[in-house]
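Inside the fold
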Amino acid sequence: MTTSNEIAKKVNPPKTRKGKKILESREPLIVENDKKTVILKGASTSGVINDVLSDIFKIRRHNGVMMNQNNAILPFEDSAPLCEMLKKKDASLFVYGNHNKKRPHNLVFGRTFDGQILDMIEFGVTSFKKLSQFKSTKVPLGAKPCLIFNGDVFEKFPDWGIIQNYFCDFFCTTKTSSINLQGLEYVISISAVEPDTLLLRSYEVNMKKSGADSPYVELVEIGVSLDLKLRRTQLAPPDIRKQAMKVPKAAKIGKTKNITHDMAGTKLATVHMTKQNIAEMPQSKMKGSKRKEDGEEKVVKKKKVESSEAAEEQAMDTS
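Residues numbered from 1 in each chain as written. Predicted model: local features only at pLDDT ≥ 70, side-chain atom pairs only at ≥ 80, totals over all residues. Heavy atoms only, no water.

A tally of helices and strands in the chain yields 8 helices and 12 strands. For the chain, restricting intrachain contacts to residue pairs at least 6 apart in sequence, the fraction spanning at least 24 positions comes to 65%. Total accessible area on the chain is roughly 22400 Å²; 53% of this is exposed by carbon and sulfur atoms. (Helix = DSSP H or I, 4+ residues; strand = E, 2+ residues; numbered from the N terminus. Contact = heavy atoms within 4.5 Å. Areas by Shrake-Rupley, 256 points an atom, 1.4 Å probe, with all protein chains shown as cover.)

Attention now goes to a positive patch on the surface. Together, K242, K246, K249 and K252 make up a region of like positive charge exposed at the surface. With respect to the helices, strands and loops of the structure, K252 is situated in the loop between helix 7 (238-244) and strand 11 (259-261). Since its relative accessible area comes to 53%, K252 is described here as exposed. (Patch = residues over 30% accessible without salt bridge, like charges linked within 9 Å, V, L, I, M, F, W, Y side chains within 5 Å. Salt bridge = Lys/Arg side-chain N within 4 Å of Asp/Glu carboxyl O. Lys, Arg positive; Asp, Glu negative; His and termini not counted. Charge placed at Lys NZ, Arg CZ, Asp CG, Glu CD. Buried < 20%, exposed > 50% of the residue type's maximum accessible area, 1.4 Å probe, protein only.)

Judged by nonpolar contacts, the single largest core of 34 residues is most densely connected at L107, F109 and F167. Among the elements that take part in this core, helix 6 (residues 158-171) stands out by supplying 6 residues, more than any other. Non-local contacts of L107, meaning those with residues more than four positions away in its chain, are made with I49, V52, L53, I56, V95, Y96, G97, I121, E122, F123, V125 and L228. The next biggest cluster of nonpolar side chains, apart from the first, holds 15 residues, and it includes V38, I73, M85 and A91. (Core = buried A, V, L, I, M, F, W, Y, C linked by side-chain atoms within 4.5 Å.)

This part takes up the packing of aromatic side chains. Each aromatic ring pair is characterised by the separation of its centres together with the angle its planes make. Throughout the structure, instances matching the rule amount to 10 aromatic pairs. Considering the side-chain rings of F154 and W160, the 5.8 Å spacing of their centres and the 75° angle between planes classify their relative orientation as edge-to-face. Like W160, F154 is buried. Over the face of the ring belonging to F170 we find R60, whose NZ or CZ atom lies 5.5 Å from the ring centre. For R232, the ring lying beneath its charged end belongs to F76, and the centroid distance is 4.1 Å. (Phe/Tyr/Trp six-rings, centres within 6.5 Å; stacked < 30°, edge-to-face > 60°. Lys NZ or Arg CZ within 6 Å of the ring centre and 35° of its normal.)

Another aspect to go through is unusual backbone geometry. Even without glycine at this site, H105 takes up a positive phi of about 50°. Topologically, H105 is positioned in the loop between strand 3 (93-98) and strand 4 (106-113). Residue classification places H105 among the partly exposed residues on the basis of a relative accessible area of 24%. Even without glycine at this site, D114 takes up a positive phi of about 55°. If you trace the backbone, D114 turns up in the loop between strand 4 and strand 5 (116-129). For D114, a relative accessible area of 24% gives the class partly exposed.

When their charged atoms lie close together, side chains carrying opposite charge are able to pair. Here the structure, examined in full by the defined rule, presents 12 salt bridges. The partner of K58 in a salt bridge is D55, and the shortest N-O contact between them spans 3.9 Å. Note that K58 and D55 are positioned in helix 3 (residues 47-59) at a spacing of 3 residues, about one turn of the helix. The exposure class of K58 is partly exposed, given its relative accessible area of 41%.

Before going further, it helps to spend a moment on the pairing of strand 3. The element strand 3 is extensively covered by neighbouring structure, given that 6 of its 6 residues are classed as buried. Burial of the side chains of strand 3 extends over both faces: L93, V95 and G97 are buried on one face and F94, Y96 and N98 on the other. Bridge count for strand 1 (residues 37-41) against strand 3 is 5 bridges, and the pairing is parallel. Note that in strand 3 the partner of K41 across the bridge is G97. (Pairing = 2+ DSSP bridges.)

One can find D152 in the loop between strand 6 (146-150) and helix 5 (153-156). Taking the C-alpha atoms as reference, D152 lies 9.1 Å from V193; in sequence the two are 41 residues apart.

Checked against the element boundaries, N71 lands in the loop between strand 2 (64-70) and helix 4 (80-89). With residues up to four places along the chain from it excluded, the contact list for N71 reads L40, K41, G42, A43 and M85.

Three or more residues of helix 4 are buried, namely L82, C83, M85 and L86. Along the axis of helix 4, the buried residues cluster in a sector spanning 160°; they form a single face. Lining the buried residues of helix 4 we find strand 1, strand 2, strand 3, strand 4 and strand 5. Backbone geometry just downstream of helix 4 places D90 in the positive-phi region, at approximately 55°. (Arc of directions from axis to C-beta.)

Let us look at empty space enclosed by the protein. Within the structure shown, the criterion is met by 1 cavity of 30 Å³ or more. By volume, the largest cavity amounts to about 60 Å³. Looking at the largest cavity, the residues that line it are I56, I59, F109, F167, F170, F171, L200, V224 and L226. Those elements giving two or more residues to the lining of the largest cavity turn out to be helix 3 and helix 6. Here the element with the most residues in the lining of the largest cavity is helix 6; it accounts for 3 residues. Among the residues forming the lining of the largest cavity, the class breakdown is 9 nonpolar, no polar and no charged. (1 Å grid on protein atoms, 1.4 Å probe; cavity = no way out; pocket = protein on both sides within 12 Å on 5 of 7 lines; lining within 4 Å. Points joined across faces, edges and corners; volume = space filled by probe spheres on them. Nonpolar A, V, L, I, M, F, W, Y, C, P; charged D, E, K, R; others polar.)

Structure (structure tokens):
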């Protein structure tokens, strides 16, 4: 499958070195960069939607772009202008908000693949609390959240499984190989109460002394607090999704012989050794461990007595 960048090179080949570098920077990478998010407003918005978008940008401000002007874009009807905007910003995630009589307080989450829309999920905001309404400490910039998904709806319905995967993409853009318990200070809880209702809450983690080895963990709500109602979705077909989730061979970790990992991720190794013959192994003997026979002990004692008598005779002669 040829990508859009490869087609662009064939149709309109770059004429300058700068144009060539721009096309090369847009080519797929073995290890992708952190995903950027574009947050934009529709042709008409409400005060609730403006507050929701501004608070979402505060959470994603370390890797997000906020478009302050209104845009006459309808993602479900015509996604071409939106894809063009995301391509210019080099972003693959977006949040779109608008408001009208048919769909009040409308919020659309989406992502792209190869310059085309991959998934779009539309929600209606039923309840919202701003960050300014919480008095607790705000999470520092770039803090990596711990995601908690509550409800069996995510496992029962395939569409909700894709929604869960999207929010993992949205909030956890930077992958980490290890986690320090002291650095865990931000929790996002996403609960599916009903087949069409989603609750999003954010908490600060406070660790206090408990008198034991493990600390006492206390969660304090800090916002954003959102109650969302699912309206419609536009999900990618299976073949496009398979192409989007394909891992290149260079990024795959090959299996190493005799090395496995347990459920906690600990590396376990199996060592094979040949059978050892203990009888043939060289052993160092200590002097104290040697046994002397009775005859040898008597000879040693006689030599000691004779040497002492000779010493006494020499002493008498000198005197």
